[in-house]
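Each chain, written out:
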Amino acid sequence: MNQESRLIPVATDQDVVRVRQLVRTVAVEAKLSLVDQTKLVTAASELARNTLVYGGGGTVEVGRVRSEIRAGIRIVFADQGPGIADLDLALTDGYTTGGGLGLGLSGARRLVDEFAIDTAPGKGTTITITKWCR
Amino acid sequence: MPLSPDEAGRFADLLEKQADGLVARWAELVGGSLLGRMSRPELERQTRDLQKSFQQALASGARDLTDAEAGELRAQLGELSSNRARQGFSANETAVSVFALKQAVIELLGDTADAQALRGYVAFSAFVDGAALFTFDSYVRVREALIADQAEQLLELSTPVVKLWEGVVAVPLVGTLDSARAQVVMERLLQTLVETGSPHAIIDITGVPAVDTQVAQHILKTVVAARLMGADCIISGIRPQIAQTIVALGIEFGDIATKSSLADALRYVLGKNSYKVVGANRTER
């Protein structure tokens, strides 16, 4: 079940900082442990920057989710950019087209509990991540 | 509906003939929201300046705020907004200073106004609206300039390079490490290494809330640059949650020494230089 969620447009570096601050606030509210807070904030930072750098800007939606047995935080990163042609390659450690370390996408996947990616060339990219409270 | 030359002239006359009463009433209306934070004489002086500029613009045939004849009025409005913005008034309070003119003028026209005068007033009112919108614009521009200045000052403030010991300098990083700050940090550190001839540098990230791949990359580049200059770099202030995140992300710091606290890093460097830290009462002699 979705509770209230907040949407932030991502168009500049400052927006990435705002995403990070919002995620941290929500993570504290959801009583995530300090380690999980840091992991989620870092993952959000990576993916928001990807949205900006590779997707040419987009939106980030941060919300609390609740299943029958547990609560968590779900974040959706959406852009209308060029999409990812070879997903396996993009998820390979050390692969980058932008001069970074090549760990953002693959690293973010390891930092969260659920990671779903929906992309096709020319169709933009939508990534949904979930972190459950322990 | 722009002012016709006729109407402009009539309002210029009105502003001139009724100047004293108008300015008094105008200042009174503005004062309602501003007084307490601005003295009455200052407010009256500003209002009188505005009244003169409006009168001159209208008398010289300005039909719209963008006309060349309204140049002085624009300058006056720009200065007003800039002052208000720097004194900490809101954009609303700035625009009210102009809008109040409409109220003061309609009160002057009073009950005697016929249909023609009212038509004129509507055009005049549009002119004043334009002027008030102009103050919004200038206000925002001034505030943006202020914010840009502050961001630059913050950049300067937030990146000190401190000397911890003979031959040991440290950079305590606090807050978000974006590309611009990383650049400043690297420049400062390399410059200080040259100036002090220090062979050791400690980069302390205790104050960095999240280390993502971009931050890590900036730090790694700084370390590599310092190494090229012959200095040895240590990264300290890696807290447990940051360490776990770095491992999960898969970032490798390679053979760069890392410590959990600045104190550990300093002790490590001193140890490398054959210093030994002992309690004062245990000094051998």
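Structure: see above.
From a predicted model like this one, the values you see are computed outputs, not experimental measurements.

Caption draft 1: Just the interface of chain A and chain B, in detail. Contact residues are listed per partner, giving 21 residues for chain A and 17 residues for chain B. Those elements giving two or more residues to the side of chain A that touches chain B turn out to be helix 1 (13-29), helix 2 (34-53) and helix 4 (104-111) of chain A. With 9 residues, the top contributor of residues to the side of chain A that touches chain B is helix 2 of chain A. Counted by class, the side of chain A that touches chain B contains 7 nonpolar, 7 polar and 7 charged residues.

Caption draft 2: Focus on the environment of Ile246(B). All names here are of chain B. Structurally, Ile246 can be placed in helix 9 (residues 240-249). In this structure Ile246 comes out as buried when scored by C-beta crowding, with 21 C-beta atoms within 10 Å. Between the C-alpha atoms of Ile246 and Asp212, which are 34 residues apart in sequence, the distance is 7.6 Å. The residues touching Ile246, leaving out its near neighbours within four places in the chain, are Val211 and Ile251.

Caption draft 3: Main features of the nonpolar core. Residues Val23(A), Leu40(A), Ala44(A), Ala48(A), Ala201(B) and Ile203(B) are the most contacted members of the largest nonpolar core, which totals 62 residues. A total of 7 residues in this core trace back to one element, the largest contributor, which is helix 2 of chain A. If we ignore the near neighbours within four places in the chain, the residues touching Ala201(B) are Val169(B), Leu189(B), Leu193(B), Ala226(B), Ala231(B) and Cys233(B).

Thresholds applied
- Residues numbered from 1 in each chain as written.
- Chains lettered and ligands numbered in written order.
- Predicted model: local features only at pLDDT ≥ 70, side-chain atom pairs only at ≥ 80, totals over all residues.
- Contact = placed C-beta atoms within 7 Å.
- Helix = DSSP H or I, 4+ residues; strand = E, 2+ residues; numbered from the N terminus.
- Nonpolar A, V, L, I, M, F, W, Y, C, P; charged D, E, K, R; others polar.
- Buried ≥ 20, exposed ≤ 12 C-beta atoms within 10 Å, placed from the backbone.
- Core = buried A, V, L, I, M, F, W, Y, C linked by C-beta atoms within 7 Å.

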